[in-house]
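Residue strings, one per chain:
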Amino acid sequence: MSDPSPTAAADELPAEPWDRRHLVGLAGMSGEDVTLLLDRAVEYRRLSEAGDLPSPLAGATVGNLFFENSTRTRNSFRLAAKRLGAETVEFTEVGSSVAKGETVADTVRTIEALGVDLMVIRHGSPGVPHRLREFVTCGLLNAGDGTHEHPTQALIDLLSLRDAFSQDGRGDLAGKTVTVVGDILHSRVARSNIHGLRALGARVLVCGPSTLLPRHLPGAEFFTDLDEALAQSDAVNLLRVQFERQRGAFFPSPAEYYRLFGMTQARLNRSGRDPWVLAPGPINRGIELSSEVADGPRSLILKQVANGVFIRMACLATLMEGRR
């Protein structure tokens, strides 16, 4: 059996209509599809607060297969599965048969043979979750594939924004302007956010050093001046600089990056706006943002973490229903 290594670049992978059996990306999802998942997450949050959670995954098993390191995403999926009544099978590449030469496809089919109903997969190569659908019958959920997509993180960001805008008045994202800042070139979070925001009718700006902006990114407007973009923004999403994915020097130094693209309270004050601030984490204080902003009243960072479990509950439950 061949390994499902992708041949296409991240931005060349197809946008497919959502069939509710797998969730490999937000590209191709309609605003109604995105809203369904957000609304379901809100309902699980309400039921959790009331101490009345159902167990739609009782008797099911969720496999968490992480070929890349993760703390927030892995633990969030584990908690989501447990709260819905499922058991989990945990996999990491270190010490596994993959480290001994086994293909990803063989590993995935072996895990499925244990009785896994849903499989959460994070992999360093774009397109792996798409290809793995050819090898399994269980539902697949993409927890991040290379520089391609990270759909549940984008859904978390969308829900956190919707909650925040509800405090300001109308929670609808239609007509809002959201700026995604930083290492756009290497960011799967940026790509999923753009798809989700556009599906909900938002205007999307991307801003960063020209060396970290892709040549083509449908649905987004490009800026290299953060102050100019910020003056138009209702919210700003600050991406982590992904030093581990970079091959070469994309900017002179972290200090220079912080001067030009770091979010400080002084920069927010200069903008004349009062945008909400997101950061998918882990955050690097003093590079992407200051502690004053990270811990400030317009920061949604901890809200994003809390919403993560409910979004993943909504996704797992919906995929389980799609298999029936």
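Asks: Would you mind going over the sheet that holds strand S7 (residues 221–223) in detail, with residue names and values included?
Replies: If you trace the five strands from one edge of the open sheet to the other, you get S7-S6-S5-S8-S9, paired in parallel fashion. Looking at strand neighbours, the two that pair on one side only are S7 and strand S9 (276–278), the edges of this open sheet. Strand-to-strand, the axes of this sheet are offset by a mean angle of 25°, without reference to chain direction.

Asks: With reference to specific residues and values, describe the sheet that holds strand S2 (residues 87–92).
Replies: Ordered by their spatial adjacency, four strands build an open sheet running S2-S1-S3-S4, and the pairing between neighbours is parallel. Looking along the sheet, the strands with just one partner apiece sit at the ends: S2 and strand S4 (139–145). On average, adjacent strands in this sheet sit at an angle of 15° to one another, irrespective of strand direction.

Asks: Tell me about the pattern of salt bridges, and please be specific about residues and values.
Replies: This structure, assessed with the given rule, holds 19 salt bridges. In this structure, Asp234 and Arg273 form a salt bridge, with 2.9 Å as the shortest nitrogen-oxygen distance. One end of the pair, Asp234, is in the loop between helix H7 (226–230) and strand S8 (235–238); the other, Arg273, is in the loop between helix H9 (265–271) and S9, and 39 residues separate them in sequence. By relative accessible area, which is 22% here, Asp234 ends up partly exposed. Look at the salt bridges and you will find they share partners, linking Arg45, Asp163 and Lys303 into a network.

Asks: Pulling in residues and values, what's your account of the nonpolar core?
Replies: If you look at the biggest cluster of nonpolar residues, it comprises 61 residues, and the most contacted ones within it are Leu23, Leu57, Leu155, Leu161 and Leu316. Sorting elements by how many residues they give to this core places helix H11 (residues 301–322) first, with 10 residues. Once you skip the residues sitting within four places of it in the chain, Leu316 turns out to touch Leu57, Val62, Phe77, Ala80, Ala81, Leu84, Leu118, Val120 and Leu141. Of all hydrophobic cores here, the second largest spans 21 residues; its members include Phe223, Val236, Ala279 and Leu289.

Rules behind the numbers
- Every residue gets a number counted from 1 within its own chain, in the order that chain's sequence is written.
- It should be noted that, the model being predicted, local features are given only for residues of pLDDT at least 70 and side-chain atom pairs only at 80 or more, the latter also being counted only at that level, while totals for whole chains, interfaces and linings use all residues.
- The side-chain figures draw on all heavy atoms in the structure; neither hydrogens nor water molecules are used.
- Strand pairing follows a simple DSSP-based rule, namely that at least 2 bridges must link the two strands.
- Comment: elements are numbered from the N terminus, with helices defined as DSSP H or I runs of at least four residues and strands as E runs of at least two.
- To get an axis, fit a line to the C-alpha atoms, keeping to the stretch in contact for a helix; angles then go from 0 to 180 degrees between the N-to-C directions.
- Every case where a carboxyl oxygen of Asp or Glu lies within 4 Å of a side-chain nitrogen of Lys or Arg is listed as a salt bridge.
- We call a residue buried when its accessible area falls under 20% of the maximum for its residue type, exposed when it is over 50%, and partly exposed in between, using a 1.4 Å probe and counting protein chains only.
- Only buried residues count toward a nonpolar core. Its members are Ala, Val, Leu, Ile, Met, Phe, Trp, Tyr and Cys residues joined through side-chain atoms within 4.5 Å.
- Only heavy atoms enter the contact rule, under which two residues are in contact if any of them lie within 4.5 Å.

Coordinates in, geometry out; function isn't part of it.
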